[in-house]
Number of protein chains: 2
Amino acid sequence: MKTKIWLSTFAVVMAAMVIGCKPKGAQSTLAGDAANKVYVPPGQHDEFYNLVSGGFNGQMSVVGLPSGRTLKILPVFSVHPENGWGYSEESKPMLNTANGFVPWDDLHHISVSTTNAEHDGRWAFANGNNTPRIARVDLTTFKTVEIIEIPNSAGNHSSPYITENTEYVVAGTRFSVPTGEDRDVSIDSYKDNFKGTISFLSVDKNSGHMDIAFQIEAPPFNFDLARAGKKKSHGWFFFSTYNTEMAHTLLEVNASQRDKDYIMAVNWKRAEEYIKEGKGKKIKAPYAHNVWDEETHMATSTIKENILSLDPTELKDILYFIPCPKSPHGTDTDPTGEYIIGSGKLAAIIPVFSFTKMLEAIENEDFEGTIGGMPVLNYESVLHGEVEKPGLGPLHTEFDGRGNAYTSMFVSSEVVKWNIETLEVLDRVPTYYSVGHLMIPGGPTGNPHGKYMVAYNKITKDRYLPTGPELAHSAQLYDISGDKMQLLLDFPTIGEPHYAEAFPASLIKDKQVKFYPMEHNNHPRALKGINDARVERDGNNVHVYMTSIRSNFRPDNIEGVRLGDEVYFHVTNLEQDWDVPHGFAIKGANTAEILIMPGETATLKWVPDRVGVFPFYCTDFCSALHQEMQGYIRVSSADSNVPIKYLTGEAE
Amino acid sequence: MKTKIWLSTFAVVMAAMVIGCKPKGAQSTLAGDAANKVYVPPGQHDEFYNLVSGGFNGQMSVVGLPSGRTLKILPVFSVHPENGWGYSEESKPMLNTANGFVPWDDLHHISVSTTNAEHDGRWAFANGNNTPRIARVDLTTFKTVEIIEIPNSAGNHSSPYITENTEYVVAGTRFSVPTGEDRDVSIDSYKDNFKGTISFLSVDKNSGHMDIAFQIEAPPFNFDLARAGKKKSHGWFFFSTYNTEMAHTLLEVNASQRDKDYIMAVNWKRAEEYIKEGKGKKIKAPYAHNVWDEETHMATSTIKENILSLDPTELKDILYFIPCPKSPHGTDTDPTGEYIIGSGKLAAIIPVFSFTKMLEAIENEDFEGTIGGMPVLNYESVLHGEVEKPGLGPLHTEFDGRGNAYTSMFVSSEVVKWNIETLEVLDRVPTYYSVGHLMIPGGPTGNPHGKYMVAYNKITKDRYLPTGPELAHSAQLYDISGDKMQLLLDFPTIGEPHYAEAFPASLIKDKQVKFYPMEHNNHPRALKGINDARVERDGNNVHVYMTSIRSNFRPDNIEGVRLGDEVYFHVTNLEQDWDVPHGFAIKGANTAEILIMPGETATLKWVPDRVGVFPFYCTDFCSALHQEMQGYIRVSSADSNVPIKYLTGEAE
């Protein structure tokens, strides 16, 4: 079969655009004080926590600002051999899905929980794109404590954005798919058989626990990014769409035909009312819901079977479409909630829509058409105005709380600052290179901290010492406290940074959990003291109940294991001090180590593959006698009579 | 069974030592110019590459100095969902061992190749502790290109140190084990049945390919660290030992009984002569040897069966023992090759041995005893002198090339500078906290660049914004160009930094591979152009020959796959530009994504678990139309008649 290619003039034009161009005549505007502005002297702390998505690493990075130092990488959707995430028996269920154990995902966006549209520092949410999931990270432990799968979705990209009191986290599909039970349909029946969906996940006010409250069916467009309304627009949600052409092949050409796509406005308060009225239908859609318990130190995974689906072609007034030029990426609401900015990556202007005008247009039925019976609002009627000549390839907009917006320009590699009311361009600075998302601390909230801005870039090339074909993605820190933006610092990132959020350190730094109190350790195989250490056989399972404390494991000499056994090391770290983890690893294991935090219990499963004597040791340098923190376990043949035997101490 | 514990007074004293103490009265000696000294303005490059071990993450970090920025994390011994290392079909063999696929290891030390005892910037070597392995990283691609397993070893810690022309990489066991074929012996028969081994791996001058040249049997001690002789001491190797008590339980007490352990001196030139004479015996010891091929873009794994073993109790003059107080960690040779410094972590002094005196003592048979017939040299006869009152818990020593040594003090959390000739302590600075290894660029070579020193610390606690119970390990950068050391910067690290090396960027920065030329891509399933894209069925295997180029996959619509098939996506990235990787992922896969560098071919295996239509997409933001770089693959039931069908282009 011959591939048939269709190339429009447009595609040829785009070919010139697809490489992020180096801005011409770009001059670093570094002042001599940049060094001092980013320098955090040894022993002093950064001013802001910056939570940065890792993209294709499936992790979240915690970066300090203004230093740009990576303070932690925490695993969310991907296994993490470093600390045993996805390898310990306790954490394995966290990566369970309806497709079984999935060791990787692509984490794009982060939302920090808000109350009254301000960061409250309780949780961070993150999306997994590939096998659609939403995760919740506890910001007192910086640990992933919940992951919920999103059924009827694919490329879970316009996620995980939140409403102003964290009532909901939303998850919008990027790729439309045949929804409902697994359906074998031809790909070219796309327009008939594929659908988009938007899921609203409720968040419990106290525990943070999520559930899929409802899912709204949508046309088979691609959904890119989203933002909740806030303050006056609280109750609404805005999603950018592309591929409203509904193409299913060669999208770079076929999904770039129309001059305008849409911002989809969702009246979720109206959806709630329908649900109260008993509307919507339960449909079969299995998905995993995984929850970490900090008292048992383990996760459970439950496969749920149904979701509540709302059909907006029947349930009127839930969905409206605002025309938006062209293939919009970002759709961002300003701190007042009045303005909605669409960043059409193939558009020559930036449209700014007015929420007030939107309500008026709805009220007046000022429609220019319908999609599946749902109203398309009149572009001009909803428009506040357009930013003229902003640059090439607008992607995403953040806000400083002083009436200014900052839009990233992928193709012309720059950030453009403009006034939201007047739409006047005030300043522009180059990025190096091909900027994606921007971040201003508190930028998406009602109360931005407009001191710094970070540009997360896609191309690094010559910015750092070269490291072969594969280079770090890069970020750049700007001072935006004055009229003109000032580039302060280049810093490399871990994985690919998409969206990020930041907030003042004072919000959470005094609420950090330093260790897990032993009296709250309810792991069923936890040990409360060294004298409880023991080994028990249960059929072909051998359970080693082990303690770790500077600087020994108990027991550290174990015999009586037979080939064919499965050995479970349940290791309790009895330390009750900050920053004294112990690690546990055993030679030849087809798994990773485990790191056990003070007061925690974790389990490593080991299936010996031969007879012999195998050392195990502590993998985290814990004391001057760390090197001595080791032991041996003996494996005998399957028919051996060596009895179970264990000790720590003088040889018997 | 009751655990029996034996506690000496010594152990009680140690209990006070095991926590890294905060140095008393420690004052930051920051000068106001520290900010400028570490600031690398945007667009400028760092002066040094610093290759840092990741410890329990199994990775290597590339850090720029003086900025402290992490420029790259490259996977060595652990799977890396981020780029598909250990998940792509091509890279899986790299993590094969005699125990099968091992997804994790504990990477402790790094050696950069040398010629005439100076860094030549060709390769970096790294050790895997847990399932003993040595890896080689190519410094033109920053990719792991070879991993060789070490049989008869466990806790491969005194590794991977090199001789002055990289003739050999050595690998010394940390834990002694029953050697030879798998042996089921009781642990308390330790002294009779367990052995230590030291392996010498040859390194091919041109290709870098390693092989296990020979292995030397050693007493059942624990081997901690090592250094080659250089210049006048070229031909010798020095290993620190502890647990010369030969304890196998509660080592924190039982392996800390003797006042002196040993530095083991190995005359490897003599070993070479024995081998030329046909001495040594082949013994059965299976181990994996895994090699990456940059032209086929894939790895092969070969299980080798035998090694050549030398018994130094029969082959005289290979091993000598130098008494060294107490439980030495580091054994370091100064840039002249004359001095060997033992850092006994439980010792109150630092002994400095003279190579000249060592040869004299051997010549004069100035022995104070024997171990298995092998000479123990007289301590006083070999001693150049002792550094008095250096601090508590000396661990490791580096050199500045100006006659000074710098020793890390774990327990008293400081670095002590002293003169090698006079043994006078010249300066001391606090570390925050509990310093392990030190690093001076070129420090272990004959030509150190004594401008900076980095302390890699074990405890971080309050140094950064807190991130829950699990904190980053930390490093500290000092200016050592003057008489007094000056602390410049705290920077967090990835994983746990053990040893690290650094060298001037000029050595390698112009030799970097930026992409793989398509004309050298000899992957058997590579495509040379978009028109070769196709799908082929071979029984239950479906091979998708796919191209990726901004911004499409070909094919992007695939049908005819049936439940029960195994689908192999062979993706060739046709780009020939720097910094334009493409990624490939498919929904619900029980594996990771793959990142494909320009000019490379990589393969992802996917076993669909249900009928339906599954999207795939590019995971690395590659152009303004990256979001459009997606496709669909349809899976039908096992008995379906849907034929294989594929296209990229207008729907048919």
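Structure first, text after, so check above.
The structure presented is a predicted model; accordingly, all values stated were derived computationally and were not measured. (Residues numbered from 1 in each chain as written. Chains lettered and ligands numbered in written order. Predicted model: local features only at pLDDT ≥ 70, side-chain atom pairs only at ≥ 80, totals over all residues. Heavy atoms only, no water.)

It is worth spelling out the interface of chain B and chain A at this point. The interface is formed by 174 residues belonging to chain B together with 174 residues belonging to chain A. Summing both partners gives a buried area of about 15,400 Å² for chain B against chain A, and 57% of it is carried by carbon and sulfur. Linking chain B with chain A are 4 salt bridges. Applying the counting criterion to the chain B and chain A interface returns 79 residue pairs in polar contact (both at pLDDT 80 or more). Among the residues making up the side of chain B that touches chain A, the classes are represented as 85 nonpolar, 50 polar and 39 charged. (Contact = heavy atoms within 4.5 Å. Buried area = accessible area lost by both parts, 1.4 Å probe. Salt bridge = Lys/Arg side-chain N within 4 Å of Asp/Glu carboxyl O. Polar contact = N/O pair within 3.5 Å; in protein donor to acceptor, adjacent residues only side chain to side chain. Nonpolar A, V, L, I, M, F, W, Y, C, P; charged D, E, K, R; others polar.)

Turning our eyes to something else, we now look at the packing of aromatic side chains. Under the counting rule described, the total for this entry stands at 58 aromatic pairs over all chains. Aromatic side chains phenylalanine 569 of chain A and phenylalanine 584 of chain A sit 4.8 Å apart centroid to centroid with 45° between the ring planes, which places their arrangement in the tilted category. Residue phenylalanine 569 of chain A is found in strand S39 (residues 566-573), and its partner phenylalanine 584 of chain A is found in strand S40 (residues 582-586); the two are separated by 15 residues along the sequence. Of the two residues, phenylalanine 569 of chain A and phenylalanine 584 of chain A, both sit in the buried class. Taken together, the ring pairs in this structure connect Tyr168, Phe200, Phe214, Phe237, Phe239 and Trp268 of chain A into an aromatic cluster. In this structure, arginine 270 of chain B packs its charged tip against the face of tyrosine 274 of chain B, placed 4.0 Å from the ring centre. (Phe/Tyr/Trp six-rings, centres within 6.5 Å; stacked < 30°, edge-to-face > 60°. Helix = DSSP H or I, 4+ residues; strand = E, 2+ residues; numbered from the N terminus. Buried < 20%, exposed > 50% of the residue type's maximum accessible area, 1.4 Å probe, protein only. Lys NZ or Arg CZ within 6 Å of the ring centre and 35° of its normal.)

So, on to helix H5 (residues 268-276) of chain B. Residues and elements named next belong to chain B. Taken as a whole, H5 has its buried residues at Trp268, Arg270, Ala271 and Tyr274. Along the axis of H5, the buried positions cluster into a sector of 150°, meaning they face one direction only. Where H5 is buried, its residues meet strand S11 (168-172), strand S12 (196-203), strand S13 (210-218), strand S15 (236-242), strand S16 (260-267) and strand S18 (298-310). With its phi angle positive at about 85°, glycine 278 sits one or two positions after the end of H5. (Arc of directions from axis to C-beta.)

Moving on to the sheet that holds strand S21 (residues 339-344) of chain A. All names here are of chain A. Ordered in space as S20-S21-S22-S25, the 4 strands form an open sheet in which the pairing is antiparallel. Edge strands, defined here as strands with exactly one partner in the open sheet, are strand S20 (328-333) and strand S25 (383-387). Taking each pair of neighbouring strands and ignoring which way they run, the sheet shows an average axis angle of 20°. Against the sheet, helix H6 (residues 355-363) contacts S21, strand S22 (350-354) and S25, and its axis sits at roughly 65° relative to S22. (Pairing = 2+ DSSP bridges. Axes fitted to C-alpha atoms, helices over the stretch in contact; angles between N-to-C directions.)

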